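Fold and contact review
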Amino acid sequence: MLAVAAPSLVCASAQAPATAQRAGHQAVGYKIPTASGQHGGWIGSYQTSNGGPKVYCADPLKRGPSFAGGYSSPRLVSHWKRVSGKPVGPAALRRAGWILSAHGETESKKRAAAVDTAVHALMTRGAYGFGRSRSDQRLRATGHGREIKGLARQMLGASKRLSGPARLYVGATTVTDDGGVSAMVRLTSRRTGRPIAGAKVRVRLPGRPGSELTKVTGNDGTAHVSFTVRNPGTYQVRAAARDLASSRVWVAEPHDRRAQRMLVAGRTEQVRAADTVTIKAHPQLSTMTSDFDVTPGTVFRDIVRVTGLEPGYHRTAVAELYGPARQRAQLRCDKQTVVRRVRFTVDGNGTYRTPPVKVHRPGRYTWLVRLPGDARNVGATHRCATRSETTLVRKRWYAPPTIDAGYTVSGRADAVPARAHRRAAWVEVPAARIVAGAALVGASHGTMDLPGDVDRLGWLDRSARPGDLIGSTVIAGHVSDRSDDPGAMWNLTDVHRGNRVRVHRGGETFTYRVFAKDRYPRSRALPHRAFATTGRHKIALISCTDRVRTSGGGFHYTDNIVVLARAVP
């Protein structure tokens with residue numbers, strides 16, 4: 001607070017004698033010498049004897065401070081009347097207050113004189129108005145009139161742009177999932193909207209008690225702050241701009257009303273603002289398929305454990321099943337490979353079971369769960385094709401059946417199906433001149449059923465389908481009939497590695513390339529690899545070979561021939 005004793009201030013006055021002006025309490029400025037017909041005085045700032053704030057004379061037509069009889073504490077004024085009794089408009093009052101606050105505490109003589117000149121121009125006018133007689137006479141007395149007048153003109157222009165209460169805006173956003181926050185602060189004049197540059201703004205960091213960052217506003221009035229908040233939650237980013245030039249006028253009133261009022265310089269103000277930012281939690285998903293190995297058409301589901309959610313979460317999660325692929329490494333989680341999509345509700349942390357699904361095509365399938373985010377949690381998912389999320393869908397394992405694909409001279413075929421079978425596919429082996437229809441057949445008492453018509457083939461129903469990704473498609477047929485006339489597989493022994501096999505089914509053609517041809521005694525079981533329900537897909541063509549004549553003129557076949565061919569990509 002400003003408390004001024006009567007002799008502490010000496011102010012220019014038209015009535016003040018020259019001796020009063022030499023009291024020695026002028027702060028920063030220029031002495032105006034007494035000239036013929038003119039009084040002397042002072043242009044610049046004054047200061048209390050105890051080092052208080054600088055002040056400027058407000059009533060040049062009144063007596064100087066030596067007549068004041070002391071001063072009251074400074075008070076805020078919202079209305080001002082000149083000595084002439086005319087009121088000063090609110091805009092001029094704001095501008096004068098801003099100039100006093102922004103520039104009045106200067107230690108530069110020229111700037112102090114410019115403040116004096118600008119304030120008189122706004123609040124006194126008349127002969128003290130900018131460019132008027134008394135104003136110009138005082139400026140000439142300094143010996144730097146042109147320079148001081150230029151400074152005063154700059155102050156008046158700046159006050160027109162920047163006076164008025166300041167407005168501080170804070171906008172904070174989360175820019176990274178790990179709690180990175182970017183805050184932008186903007187400082188402007190509330191009245192004109194013009195940016196306030198060079199102001200210090202302190203931003204209090206949320207989640208870190210006592211921590212602040214200080215930034216200086218640029219030419220556009222903005223400053224940017226970045227920081228990280230580790231713990232999820234809702235925080236306020238608070239900013240404060242202190243030591244801003246005030247646009248309010250403070251005055252110290254003299255006890256003797258004949259003396260001048262004193263305008264107090266250096267008064268500042270501060271503005272505050274805040275914005276809310278939410279640091280989202282990062283939930284974790286732990287997932288596992290309910291079954292790692294199922295047969296086609298068997299239901300299975302995904303089991304999902306959710307942790308790390310903030311309270312109040314309630315959303316619908318999506319679980320998608322992708323596939324099929326031959327190997328887990330070949331699985332891809334994209335829109336081209338999604339085969340099932342189910343939804344389930346997640347109400348906070350816990351373990352959830354998705355609705356069941358079932359698929360019929362053999363292969364490997366994988367789950368991918370997506371948990372949507374909300375206002376307090378980021379979305380969550382997991383890697384595609386993890387081991388715990390992969391299910392193998394395959395036909396049930398079965399023991400290799402006996403395949404009797406030859407006739408004896410004395411009777412019927414060794415295996416005749418108990419029922420008729422419709423043709424399910426066509427088989428072509430150009431290199432062996434094989435073209436025959438294949439009927440879907442089963443097995444009876446461990447022996448594969450074959451069509452009674454030797455020109456037709458049998459496709460074992462428990463084996464893979466042509467075009468599957470895994471497992472073997474088993475197709476067998478007779479080598480000859482009772483009369484030893486050629487059957488569908490008569491030329492199978494002519495097949496060699498690299499020959500093509502084509503299977504036509506359901507309007508599609510599946511091409512295979514032969515990679516193995518072996519013979520096995522009919523007295524022994526056929527190899528398991530020809531009947532696999534897993535592994536890389538292939539086709540097994542099986543018949544009898546190595547005809548042997550008997551002593552009675554008959555014949556029989558001692559071996560089986562197995563031709564294996566892999567699918568051509």
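For the structure itself, consult the block above.
Nothing here was measured: the structure is a model prediction, and the numbers come from that model. (Residues numbered from 1 in each chain as written. Predicted model: local features only at pLDDT ≥ 70, side-chain atom pairs only at ≥ 80, totals over all residues. Heavy atoms only, no water.)

Next up on the list: the packing of helix α2 (residues 90–103) against helix α5 (residues 145–162). Helix packing geometry: the angle between the two helix axes and the distance between the axes. The interhelical angle for the contact between α2 and α5, taken along N-to-C directions, is 115°, at an axis separation of 9 Å. Here α5 runs roughly perpendicular to α2, going by the angle between their axes. In the crossing of α2 with α5, the sense of the turn from one axis to the other is right-handed. Along the contact surface, α2 presents R95, W98, I99 and H103, while α5 presents M155, L156, A158, S159, K160 and L162. Its residues placed into classes, the contact of α2 with α5 shows six nonpolar, two polar and two charged. (Axes fitted to C-alpha atoms, helices over the stretch in contact; angles between N-to-C directions. Helix = DSSP H or I, 4+ residues; strand = E, 2+ residues; numbered from the N terminus. Parallel < 35°, antiparallel > 145°, perpendicular 65-115°, else oblique. Left-handed = near helix turned anticlockwise from the far one by under 90°. Contact = heavy atoms within 4.5 Å. Nonpolar A, V, L, I, M, F, W, Y, C, P; charged D, E, K, R; others polar.)

This part covers the pattern of salt bridges. Across all of its chains, the model carries 19 salt bridges by this definition. As a salt-bridge pair, R433 and D494 come within 3.6 Å of each other at their nearest N and O atoms. With a gap of 61 residues between them, R433 in the loop between β22 (423–429) and β23 (434–441) and D494 in the loop between β27 (472–477) and β28 (500–505) connect regions that are remote in the sequence. One network of salt bridges, in which partners are shared, links K54, E105 and E107. (Salt bridge = Lys/Arg side-chain N within 4 Å of Asp/Glu carboxyl O.)

A word on the packing of aromatic side chains. This model, assessed by the stated rule, comprises five aromatic pairs. Consider the rings of Y398 and F531, whose centres lie 6.1 Å apart with planes at 85°: the pair is edge-to-face. Taken together, the residues Y398 in the loop between β21 (390–393) and β22 and F531 in the loop between β29 (508–521) and β30 (538–549) connect sequence positions 133 residues apart. Classification of Y398 by relative accessible area gives buried; the value is 6%. Its end group placed over the ring of F130, K149 keeps NZ or CZ at 5.5 Å from the ring centre. Just above the ring of W80 sits the side chain of R261; from NZ or CZ to the centre is 3.7 Å. (Phe/Tyr/Trp six-rings, centres within 6.5 Å; stacked < 30°, edge-to-face > 60°. Buried < 20%, exposed > 50% of the residue type's maximum accessible area, 1.4 Å probe, protein only. Lys NZ or Arg CZ within 6 Å of the ring centre and 35° of its normal.)

Further remarks concern the nonpolar core. Formed by 61 residues in total, the largest nonpolar core has its most connected members in W80, I99, L187 and L263. Looking at this core element by element, the count peaks at eight residues for helix α3 (residues 109–123). Setting aside its immediate chain neighbours within four residues, L187 contacts A166, R167, L168, R194, P195, I196, A199, T217, G221, A241, L244 and V271. (Core = buried A, V, L, I, M, F, W, Y, C linked by side-chain atoms within 4.5 Å.)

What follows covers the state of the cysteines. Under the definition given, this model contains one disulfide. For C333, the disulfide goes to C384, at an S-S distance of 2.0 Å. The chirality of the disulfide connecting C333 with C384 is right-handed, given an S-S dihedral of about 80°. Of this pair, C333 sits in the loop between β17 (315–325) and β18 (338–346) while C384 sits in the loop between β20 (363–370) and β21; the two residues are 51 residues apart in sequence, bridging distant segments of the chain. (Disulfide = S-S within 2.5 Å.)

Turning our eyes to something else, we now look at α5. Its 18 residues place the ends of α5 25 Å apart at the C-alpha level, agreeing with the 26 Å of an ideal helix rising 1.5 Å per residue. Among all positions of α5, only G145, I148, L151, A152, M155, L156, A158, S159 and L162 are buried. Buried residues of α5, viewed axially, fall in a sector of 165°; they line one side. Turned more than 90 degrees off the buried face of α5, the exposed positions are R146, Q154 and K160. (Expected span 1.5 Å × (residues − 1). Arc of directions from axis to C-beta.)

Now for the sheet that holds strand β16 (residues 302–307). The strand order across the open sheet formed by three strands is β14-β16-β19, and the pairing between neighbours is antiparallel. Of all the strands in the sheet, the pair left with one neighbour each is β14 (284–289) and β19 (350–353). When strand polarity is set aside, the average angle formed by the axes of neighbouring strands in this sheet is 20°. (Pairing = 2+ DSSP bridges.)

Note the cis peptide between G323 and P324, where omega equals -10°. Although it is not a glycine, D546 adopts a positive phi angle of roughly 65°. As for its position among the elements, D546 is in strand β30. D546 gets classed as partly exposed once you look at its relative accessible area, which sits at 30%.

So, on to the environment of A273. The residue A273 is located in strand β13 (residues 268–279) in this model. The spatial distance from the C-alpha of A273 to the C-alpha of L61 is 44 Å, given a sequence separation of 212 residues. With residues near it in sequence (within four places) discarded, A273 still touches L168, Y169, V170, V237, R238 and A239.

Another point: the environment of R341. When you line up the elements, R341 lands in strand β18. Taking C-alpha positions, R341 is 75 Å from V115, a pair spaced 226 residues apart along the chain. Residue contacts for R341: discarding those within four places in its chain leaves V318, A319 and E320. One polar contact links R341 to E320, side chain to side chain, over a distance of 2.6 Å. (Polar contact = N/O pair within 3.5 Å; in protein donor to acceptor, adjacent residues only side chain to side chain.)

An order of β8-β7-β10-β13 is seen for the four strands of this open sheet, with the pairing classed as antiparallel. Each end of this open sheet is capped by a strand with a single partner; those strands are β8 (212–216) and β13. Going from strand to strand, the sheet's axes swing by 20° on average, the running direction of each strand aside. Note that strand β7 (residues 200–204) and strand β10 (residues 233–245) share four bridges and pair antiparallel.

Bringing the packing of helix α4 (residues 133–142) against α5 into the picture now. One can describe the packing of α4 onto α5 by two numbers: an axis separation of 7 Å at closest approach and a directional angle of 125°. Overall, the two elements α4 and α5 adopt an arrangement that is oblique. Here D136, L139 and T142 of α4 lie close against α5, whose contacting residues are G145, I148 and K149. Its residues placed into classes, the contact of α4 with α5 shows two nonpolar, two polar and two charged.

So, on to the layout of surface pockets. If you add up the space inside the largest pocket, you get close to 450 Å³. Around the largest pocket, the lining comprises 24 residues; the ones closest to its centre are I196, A199, D243, L244 and A245. Counting only elements with at least two residues in the lining of the largest pocket, the list comes to α2, α5, β7, β10 and β13. Among the elements that line the lining of the largest pocket, the one with the most residues is β10, at five residues. Considering only residue class, the lining of the largest pocket consists of 11 nonpolar, six polar and seven charged. A volume near 260 Å³ is recorded for the second largest pocket. Taken together, 13 residues line the second largest pocket, and the ones lying closest to its centre are D468, L469, H537, A567 and V568. Broken down by element, the lining of the second largest pocket gets its largest block of residues, three residues, from β29. Partitioning the lining of the second largest pocket into residue classes produces six nonpolar, three polar and four charged. (1 Å grid on protein atoms, 1.4 Å probe; cavity = no way out; pocket = protein on both sides within 12 Å on 5 of 7 lines; lining within 4 Å. Points joined across faces, edges and corners; volume = space filled by probe spheres on them.)

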